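Descriptive structure summary
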Amino acid sequence: MESPFKGDILKGKVGLLTGGGSGIGFEIAAELGKHGASIAIMGRRKHVLDSAVSALQSLGIHAIGVEGDVRNKEDAARVIETTIKQFGKLDILVNSAAGNFLVPSEDLSPNGFRTVIDIDAVGTFTMCHEALKYLKKGGVIINISATLHYTASWYQIHVSAAKAAVDSLTRSLALEWGTDYGIRVNGIAPGPIDDTAGVTKLLPEDVRRQKQEASALYRMGKKWDIAMAALYLASNAGNYVNGTTLVVDGGIWLSKPRDLPKEAVRQLSKVVEKRSRDAPVGVPKSKL
Ligand code: COA
């Protein structure tokens, strides 16, 4: 789909994306690049990075791939230094690397819990911390989160806890680094996005179909939807936005099963009102 933004809104900017070799991270990398930014992507798998960099370069984007694991502080520092060496500066850090798997809490080992916290929450903090000195000239941070933890989600206790921590980091860094250095720190919480590991691993086809049948609201988002939100937050369009996590899910996180059919509630409501009007004086009236 065609971007509604001008092609040069990120001209001269440099973006670094963790988890930028695939999925949502790659799509954001491509759109930041198509709008003028030079791009560094960080990931654990060389072959994934190599093919992502080729794809970005074939779009005319200045792009490099640097291997590294966000759980490792030395990797984080090295990847950022490589980005600086290659492009001279860093303006936009997107923390998109994440770990996930479905597991009932009772079957999850403390190490499994810690692994996802380490990737999502500690990894995000480590990257922000290592990048700070380069972002002090008015940089932007975008943390990719989720909506799982707004209520509770089956079999994702580790990811819910990790993403809650990420949202908290977003607010705390927005406060401290926004005040001290003018760095804007925001998040994006995607809903179910077509053609991503998040959906193929965590939302089996039959569950997806059931949800689609139950709600007109329910549709898969596109990676493009998330990339457009990232462009908004990374560019001057989002200049006055700091410390927020933008939910991009078509409103799905608000959905819940209907208690009563619409017609039944209309009838019930009329009966209750009538009963309330007809009640003898002195008898408390219904507040319904
Ligand atoms: N169910 C239960 N526990 C699991 C698990 C699963 N499916 N996958 C991993 N674990 C546990 C392991 O048992 C281990 O705990 P233990 O030492 O107590 O046995 C711990 O997690 C670490 O596992 P390991 O395989 O060593 O981790 P890793 O660093 O190689 O892999 C993961 C990281 C687990 C997050 C892996 O799923 C991953 O990297 N996935 C790719 C990223 C991804 O899926 N992104 C989607 C974003 S929505």
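Criteria and cut-off values
Residues numbered from 1 in each chain as written. Predicted model: local features only at pLDDT ≥ 70, side-chain atom pairs only at ≥ 80, totals over all residues. Heavy atoms only, no water. Helix = DSSP H or I, 4+ residues; strand = E, 2+ residues; numbered from the N terminus. Buried < 20%, exposed > 50% of the residue type's maximum accessible area, 1.4 Å probe, protein only. Contact = heavy atoms within 4.5 Å. Areas by Shrake-Rupley, 256 points an atom, 1.4 Å probe, with all protein chains shown as cover. Lys, Arg positive; Asp, Glu negative; His and termini not counted. Charge placed at Lys NZ, Arg CZ, Asp CG, Glu CD. 1 Å grid on protein atoms, 1.4 Å probe; cavity = no way out; pocket = protein on both sides within 12 Å on 5 of 7 lines; lining within 4 Å. Points joined across faces, edges and corners; volume = space filled by probe spheres on them. Nonpolar A, V, L, I, M, F, W, Y, C, P; charged D, E, K, R; others polar. pLDDT = per-residue confidence, 0-100. Pairing = 2+ DSSP bridges. Axes fitted to C-alpha atoms, helices over the stretch in contact; angles between N-to-C directions. Core = buried A, V, L, I, M, F, W, Y, C linked by side-chain atoms within 4.5 Å. Polar contact = N/O pair within 3.5 Å; in protein donor to acceptor, adjacent residues only side chain to side chain. Near = heavy atom within 4 Å.

The name that an unreviewed UniProt entry assigns to the protein chain is 2,4-dienoyl-CoA reductase [(3E)-enoyl-CoA-producing], with the source organism given as Lactuca sativa.

**Considering the overall build of the protein chain**
Counting secondary structure elements, the protein chain contains 9 helices and 7 strands. With the principal axes as the frame, the protein chain shows a C-alpha extent of 80 × 45 × 35 Å. Put simply, the protein chain has 288 residues, and 47% of those count as buried. Residue pairs at least 24 apart in sequence account for 73% of intrachain contacts in the protein chain once pairs closer than 6 positions are excluded. Accessible surface computed for the protein chain: about 15,600 Å², of which carbon and sulfur atoms make up 54%. Taking the 36 positively charged and 30 negatively charged side chains of the protein chain as two groups, their mean positions are separated by 5 Å.

**Some points on empty space enclosed by the protein**
Tallying each qualifying case throughout the model produces 1 cavity of 30 Å³ or more. By volume, the largest cavity is sized at about 30 Å³. Considering the residues around the largest cavity, the lining is formed by Thr18, Val70, Asn95, Ser96, Ala97, Ile119, Asp120, Gly123, Thr124 and Met127. Sort the elements by how many residues they give to the lining of the largest cavity and helix 4 (residues 110–135) lands first, with 5 residues. Its residues assigned to classes, the lining of the largest cavity shows 4 nonpolar, 5 polar and 1 charged.

**Notes on the confidence of the model for the protein chain**
Taken over all residues, the pLDDT of the protein chain has a mean of 94, while the share at 70 or more is 96%. At the level of individual helices and strands, the protein chain shows its lowest average pLDDT in helix 7 (residues 205–214), which scores 77, and its highest in strand 5 (residues 140–144), which scores 99.

**Concerning the sheet that holds strand 3 (residues 63–67)**
An order of 3-2-1-4-5-6-7 is seen for the 7 strands of this open sheet, with the pairing classed as parallel. Of all the strands in the sheet, the pair left with one neighbour each is strand 3 and strand 7 (245–248). With strand direction ignored, the average angle separating the axes of adjacent strands in the sheet is 20 degrees. Against the sheet, helix 4 contacts strand 1 (14–18), strand 2 (38–43), strand 4 (92–95) and strand 5, and its axis sits at roughly 180 degrees relative to strand 4.

**Focus: the nonpolar core**
By size, the foremost hydrophobic cluster in this structure holds 33 residues, and its most contacted members are Ile28, Leu32, Ile39, Ile41 and Ile142. Those elements that provide at least two residues to this core are helix 1 (23–34), strand 2, helix 2 (46–58), strand 4, strand 5 and helix 8 (223–234). In terms of residues, this core owes the most to one element, helix 8, which gives 9 residues. Contacts of Ile142, omitting those with residues within four sequence positions, involve Leu93, Val94, Asn95, Asn186, Ile188, Ala230, Leu233 and Ala234. Listed in part, the 27 residues of the second largest apolar core include Val79, Ile80, Ala97 and Ile141.

**Some details on the side chain of Asp120**
Mapped onto the secondary structure, Asp120 falls in helix 4. Residue classification places Asp120 among the buried residues on the basis of a relative accessible area of 1%. Within polar-contact distance, the side chain of Asp120 engages the backbone nitrogen of Gly99 at 3.0 Å. Contacts of Asp120, omitting those with residues within four sequence positions, involve Ala97, Ala98, Gly99, Ala162, Lys163 and Val166.

**A look at the site of the ligand**
Not every one of the 15 residues close to the ligand is listed here, only the nearest: Arg44, Arg71, Ser109, Asn111 and Lys201. At a separation of 2.6 Å, an oxygen atom of the ligand approaches a polar side-chain atom of Arg44. Measuring from an oxygen atom of the ligand, one finds a side-chain N or O atom of Arg71 at 2.9 Å. Computed on the free molecule, the ligand has an accessible area of 950 Å², of which 54% lies beneath the protein chains in the complex. Of all the elements in the fold, those that place two or more residues in the shell around the ligand are helix 4 and helix 6 (197–202). Sorting elements by how many residues they give to the shell around the ligand places helix 4 first, with 4 residues. Of the residues assigned to the shell around the ligand, the class counts are 5 nonpolar, 7 polar and 3 charged.

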